[in-house]
Amino acid sequence: MSGERRTIKVDYLARVEGEGGLLVKVRDGRVVETRLDIFEPPRFFEAFLRGRAFTEAPDITARICGICPVAYQMSAVQALEAGLGIAIDPQVRALRRLLYCGEWIESHVLHVTMLHAPDFLGYPDAVRMAADHRDAVLRGLAVKKAGNAIVALLGGREIHPVNVRVGGFYRTPTPAELVPLAEQLRAARDQAYEMVRWVAGFEFPDFERDYEFVALVHPDEYPLAEGRIVSSRGLDAPARDYDRHFVEEHVPHSNALQARLRERGAYLCGPLARYALNAERLSPLARAAAREAGLGDVCRNPFRSIVVRAVEVLWACDEALRVIEAYEPPARPAAPVEPRAASCYGATEAPRGLLYHYYRLDADGVVLDAKIVPPTSQNQRMVEEDLAAFVGPRLTLPNDRLTAQCEQAVRNYDPCISCATHFLTVKVEEA
Amino acid sequence: MIGRRKPKLAVWKFSSCDGCQLSLLDCEDELLALAGEVEIAQFLEASSAVDKGPYDLSLVEGSITTPHDAERIHAVRRASRRLVTIGACATAGGIQALRNFADVREFVAAVYPTPQYISTLDRSSPIGAHVAVDFELRGCPVNKHQLLEVVSAFLHGRRPAIPTSSVCVECKLRGNVCVMVAHGTPCLGPVTQAGCGAICPSYDRGCYACFGPAESANTRSLAGWLAERGASAPELLRAFRSFNAGAEPFRRESERHEDER
């Protein structure tokens, strides 16, 4: 084996959002390098935001990602409302939770059924998988459709919804409009339970990592649109202190910056982290499903993230129904907003994990500076560490098999590469 | 198309948010039926099976922002019998095209260490600026029903039935009260191409032109009308310089308000 070199390389990762590749280099039976290459072209969002009105931030930042536009809108409005001191009507807050649940369902089911399940069952995609697993694919499409129905009703359309504004919504629904949605969601909730059982039956590689989990924590709710940034190793901070605890670095093989904890390095955000820090705040039904699926209070096997995502889909259906049942139209769709000079910080839980926004406004509400840290840039370093730990003990596997498992290991993160690459900004724009 | 062979469909991504190709996966009721009619030969976001082509129909999402992509689009064109661009990025350069204006106004050539690279990276251009395009489907994002119509039309060898009239026409058909006339809400519907279903006015807000300019859009007249009702020059500039900033009528209109700032 002496001097033997081996390279595992995927030029274009399939079934991920955006353009990336992976590279693992092995020398003398040791992993010497792992890389998640991100060559999706940078899109400079933080630079575009400069000079725009603060009211445009929800519509502009939505365009960072076609899969999770609501997450960008929610982090944007949360940051701006906090900075401008705008109080939100409780029913508006509830409707935003409902909207966000719709996106979680749509985005998670896309990943669970169409992008990740084919890895476990040995198909190139969900369409070909449907030849043998038609019911499972149809069930997935039905649940996904229910999630999209929420976003389409509250947001106007599924992708880049138009109804979210700083202060609230442009138009709020009547209770009658939510009735057919509730009916669709009750069916979706049953199907989501079936989905949890289905994915729990997959075979998972024997692989655990000792992650530092980072997620929002809210005293009474499973985290969605607000909370403190908490880690499994003692971090507990408000969004405004993000920069004090986290730093982003530019590495040569990536058009996205990589985030790390200043004190301790790589960390994990997303479903596993949310679950580890908040399992007791899931609805009773989702908790029961998690137990039945064999999830303990903490899951450290990233391949089982597909099970946690399915549990979160079930929870989101449950939560959406809870909001609809308690809904009374707010007195007005939006609170009035007055611009003023302000520093605005916000963080919410996108389907893939923590999404941090920062805006500095002048007295007229024009954006002077913006910073956005999406979950995929935060998880990038952990993806690379996972690959190193995973490949090491499996070097006896043939190359095609190991390559496929490495791709699957990257998909554990549901990486959104389009989200991750709006940086390089400041470097080029201010050069 | 030829004999009994299923036509081959390819989906390509350039600089974009993935939203327009996601619209295809959002066709929950039609997806499996579509997959029965065509062979999905290349669709990296959905499948790891890759067929080298040639393809009967290529759907192209995203704009050209790097030297590598400026090469790659030619390979896609060569491999495609028909090529349709989907969405504002592929059709007008998208939100990324905002950099085109920053380049002109703020950047100084002397500061670039590698001007050739930066200048390409600094501009976002539509697919049609690089290769011949058989049809351009508008929208940020595209409307999924229009997307299915375009795919279906090309597979059957007919022109897609996509109206080029303004959002106002759709808005009237939907029975909305005009938000500009009734509430004085600024609305770009009169100069924006239909296709979304007039969503914004139906949600009590003005259209923000994500489907790009309608045929023979009189942006100057609308800008004057909005200015009379209190819109400032920076507001007008921003209104026309967003998701379709690179579309010619909007580019001209936004530049008109640059000098007024």
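What counts and what doesn't
- Residue numbers run consecutively from 1 along every chain, following the written order of its sequence.
- To read the labels, note that chains go from A and ligands from 1, taken in the order they are written.
- Since the coordinates come from a predicted model, pLDDT governs what is reported: local features require at least 70, and pairs of side-chain atoms require 80 or more to be given and counted, while whole-chain, interface and lining totals use all residues.
- As used here, a nonpolar core is made of buried Ala, Val, Leu, Ile, Met, Phe, Trp, Tyr and Cys residues. They are joined through C-beta atoms within 7 Å.
- Partly exposed residues are those falling between the two cut-offs: more than 12 but fewer than 20 other C-beta atoms within 10 Å of their own, whereas 20 or more means buried and 12 or fewer means exposed, with C-beta atoms placed from the backbone.
- Per the annotation, domain bounds derive from an automatic or database assignment of domains.
- Here the contact rule is simple: place C-beta atoms from the backbone, and any two residues whose C-beta atoms are within 7 Å are in contact.
- Helix and strand definitions here come from DSSP, where helices need a minimum of 4 consecutive H or I residues and strands a minimum of 2 consecutive E residues; each element is numbered from the N-terminal end.
- Any residue outside Ala, Val, Leu, Ile, Met, Phe, Trp, Tyr, Cys, Pro, Asp, Glu, Lys and Arg is labelled polar, Gly included; the first ten of those are nonpolar and the last four are charged.
- Strands are treated as partners if at least two bridges between them are detected by DSSP.
- A fitted line through C-alpha atoms represents every axis, and for helices the fit uses only the stretch in contact; the resulting angles, taken between N-to-C directions, go from 0 to 180 degrees.
- On a range of 0 to 100, pLDDT expresses the predictor's confidence in each residue.

Draft legend 1. Layout of the nonpolar core. Formed by 214 residues in total, the largest nonpolar core has its most connected members in Ala310(A), Val311(A) and Leu314(A). Summarising the domain contributions, this core has at least three residues from each of domain 1 (8-155) and domain 2 (167-256) of chain B. Not counting chain neighbours up to four residues away, the residues in contact with Val311(A) comprise Val196(A), Ala286(A), Ala289(A), Ala290(A), Ala293(A) and Leu295(A).

Draft legend 2. Seen up close, the domain arrangement of chain B. Residue and element names in this part refer to chain B. When the domains of chain B are assigned, the result is domain 1 (8-155) and domain 2 (167-256). Each of domain 1 and domain 2 has a C-alpha centre, and the two are 25 Å apart. Contact residues are listed per partner, giving 17 residues for domain 1 and 13 residues for domain 2. Counting residues per element, the ones that place at least two in the side of domain 1 that touches domain 2 are α4 (88-92) and α5 (98-106). Of the residues belonging to the side of domain 1 that touches domain 2, the class tally is eight nonpolar, eight polar and one charged.

Draft legend 3. Fine view of the sheet that holds strand β1 (residues 8-13) of chain B. Residues and elements named next belong to chain B. With respect to topology, five strands assemble into an open sheet ordered β2-β1-β3-β4-β5, the strand pairing being parallel. The sheet terminates laterally at β2 (39-43) and β5 (135-137), the two strands that pair on one side only. Averaged over all neighbouring strand pairs, the angle between strand axes comes to 25°, with direction disregarded. As paired strands, β1 and β2 are joined by four bridges and run parallel to one another. Residue pairing for β2: Val11 is matched across the bridge by Phe43.

Draft legend 4. Representation of the pairing of strand β3 (residues 55-61) of chain B. Residues and elements named next belong to chain B. In terms of residue burial, β3 counts as a mostly covered element, since seven of its seven residues are buried. Bridge analysis of β1 against β3 gives five bridges, and the strand direction is parallel. Residue pairing for β3: Lys13 is matched across the bridge by Glu61. Sheet topology places β3 next to strand β4 (residues 80-86); six bridges connect them, and they run parallel. Bridged to Leu59 within β4 is Val84.

Draft legend 5. Highlighting the sheet that holds strand β1 (residues 5-10) of chain A. All names here are of chain A. Pairing is antiparallel in the open sheet, where three strands are placed in the order β1-β2-β3. Of all strands in the sheet, those with a lone pairing partner are β1 and β3 (30-38), marking the two edges. Pairwise comparison of adjacent strand axes, ignoring direction, gives a mean angle of 10° for this sheet. Here β1 pairs with strand β2 (residues 20-27) via six bridges, running antiparallel. Within β2, the residue paired with Arg5 across the bridge is Arg27.

Draft legend 6. Summary view of the confidence of the model for chain B. Taken over all residues, the pLDDT of chain B has a mean of 91, while the share at 70 or more is 90%. Across the assembled chains, the prediction reports ipTM 0.93 with pTM 0.95.

Draft legend 7. Looking closely at the interface of chain B and chain A. Facing the 42 residues of chain B at the interface are 43 residues of chain A. For the side of chain B that touches chain A, the elements supplying multiple residues, two or more each, are α1 (19-25), α2 (31-37), α5 and α10 (199-202) of chain B. The greatest single-element share of the side of chain B that touches chain A, amounting to five residues, is contributed by α1(B). The class makeup of the residues in the side of chain B that touches chain A is 24 nonpolar, eight polar and 10 charged.

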